[in-house]
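# Architecture and fold: a report
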Amino acid sequence: MNSYESGLFAEFLAKWYLRFHGFHIIKSRYITGRNTGRAEIDIIARRHNLMIFVEVKRRPNIEIAWSAITPAQRVRLRRAAENFIARNGWTGDARFDAILVCGRHIHWARGTL
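Figured I'd write up the structure that's included with this text.

Quick notes on the rules
- Residues numbered from 1 in each chain as written.
- Predicted model: local features only at pLDDT ≥ 70, side-chain atom pairs only at ≥ 80, totals over all residues.
- Heavy atoms only, no water.
- Helix = DSSP H or I, 4+ residues; strand = E, 2+ residues; numbered from the N terminus.
- Rg over C-alpha atoms; globule rule 2.2 N^0.38 Å.
- Areas by Shrake-Rupley, 256 points an atom, 1.4 Å probe, with all protein chains shown as cover.
- Phe/Tyr/Trp six-rings, centres within 6.5 Å; stacked < 30°, edge-to-face > 60°.
- Buried < 20%, exposed > 50% of the residue type's maximum accessible area, 1.4 Å probe, protein only.
- Lys NZ or Arg CZ within 6 Å of the ring centre and 35° of its normal.
- Expected span 1.5 Å × (residues − 1).
- Arc of directions from axis to C-beta.
- Contact = heavy atoms within 4.5 Å.
- Pairing = 2+ DSSP bridges.
- Core = buried A, V, L, I, M, F, W, Y, C linked by side-chain atoms within 4.5 Å.

Quick look at the overall build of the protein now. Counting its secondary structure elements, the protein contains three helices and five strands. Ordered by position in the sequence, the α and β elements of the protein form the string α-β-β-β-α-α-β-β. Taken over the C-alpha trace, the protein has a radius of gyration of 13 Å; the compact-globule value for 113 residues is 13 Å, and the two agree within 12%. Counting only C-alpha atoms and orienting by the principal axes, one finds that the protein spans roughly 40 × 30 × 25 Å. Carbon and sulfur atoms form 51% of the exposed surface of the protein, whose accessible area is close to 6,700 Å².

This is the structure in structure tokens:
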């Protein structure tokens, strides 16, 4: 499995995990347009009045996975989320999460980005 396929598989696992925890997947691989830094949000999910924007990383261990989320990437993710909220008129709560897939373990870090 190459890195692209590995990433898709990690996103599949993350979506399954979120569904198991009562979230409805709104959008996968949301990509913003021009003048937004061309950011991609891996998963946008909703449960009741909470919308979450999720970055998914698959790495051999949790330390490497955390280091793969750079400060510049966090800024792009925030802009992309603001873009999504504005386009869709969302007025509920919003949060940035990370799901880190390390081997057979899934680590869900809530409100961390």
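Attention shifts here to the packing of aromatic side chains. Across all of its chains, the model carries seven aromatic pairs by this definition. Between Trp16 and Phe20, the aromatic rings sit 5.9 Å apart at their centres with planes inclined by 15°, giving stacked as the arrangement. Note that Trp16 and Phe20 are positioned in helix α1 (residues 3-20) at a spacing of four residues, about one turn of the helix. Given a relative accessible area of 48%, Trp16 falls into the partly exposed group. Plain terms: the ring middles of Phe53 and Phe84 are 6.0 Å apart, the flat faces sit at 75° to each other, and that makes the pair edge-to-face. On the criterion of sequence distance, the pair formed by Phe53 in strand β3 (residues 50-58) and Phe84 in helix α3 (residues 71-88) is long-range, its members being 31 residues apart. Under the relative-accessibility criterion, Phe84 is labelled buried at 6%. In this arrangement the basic side chain of Arg110 is found over the ring face of Trp108, its NZ or CZ atom lying 3.7 Å from the centre.

Take α3 next. Helix length check: α3 (18 residues) gives 26 Å between terminal C-alpha atoms against 26 Å at 1.5 Å per residue, within 8%. Of the residues making up α3, those classed as buried are Gln73, Leu77, Ala80, Ala81, Asn83 and Phe84. Projected down its long axis, α3 shows its buried positions confined to an angular sector of 160°, all on one face. The outward face of α3, more than 90 degrees from its buried face, is lined by the exposed residues Pro71 and Ala86. In the core, the buried residues of α3 are packed alongside β1 (24-31), β2 (40-47), β3 and β4 (93-102). Note on α3: the residue one or two positions beyond its end, Gly89, has a positive phi of about 65°.

Most of β3 sits inside the fold, with eight of its nine residues counted as buried. Sheet analysis places β2 next to β3, joined by five bridges and oriented antiparallel. In the strand pairing of β3, Ile43 is matched with Val54. Taken together, β2 and the strand that follows it, β3, pair antiparallel across an intervening segment of two residues, in which His48 is found at a positive phi of about 55°. Note: β3 against β4, nine bridges, orientation parallel.

A word on the nonpolar core. Core analysis: the largest hydrophobic core is formed by 19 residues, its most contacted members being Ile41, Ile44 and Phe53. Residues within four places of Phe53 in sequence aside, it is in contact with Ile41, Ile43, Ile44, Ala81, Phe84, Ile85, Ala94, Arg95, Phe96 and Asp97. The next biggest cluster of nonpolar side chains, apart from the first, holds 15 residues, and it includes Leu13, Val54, Ile99 and Trp108.

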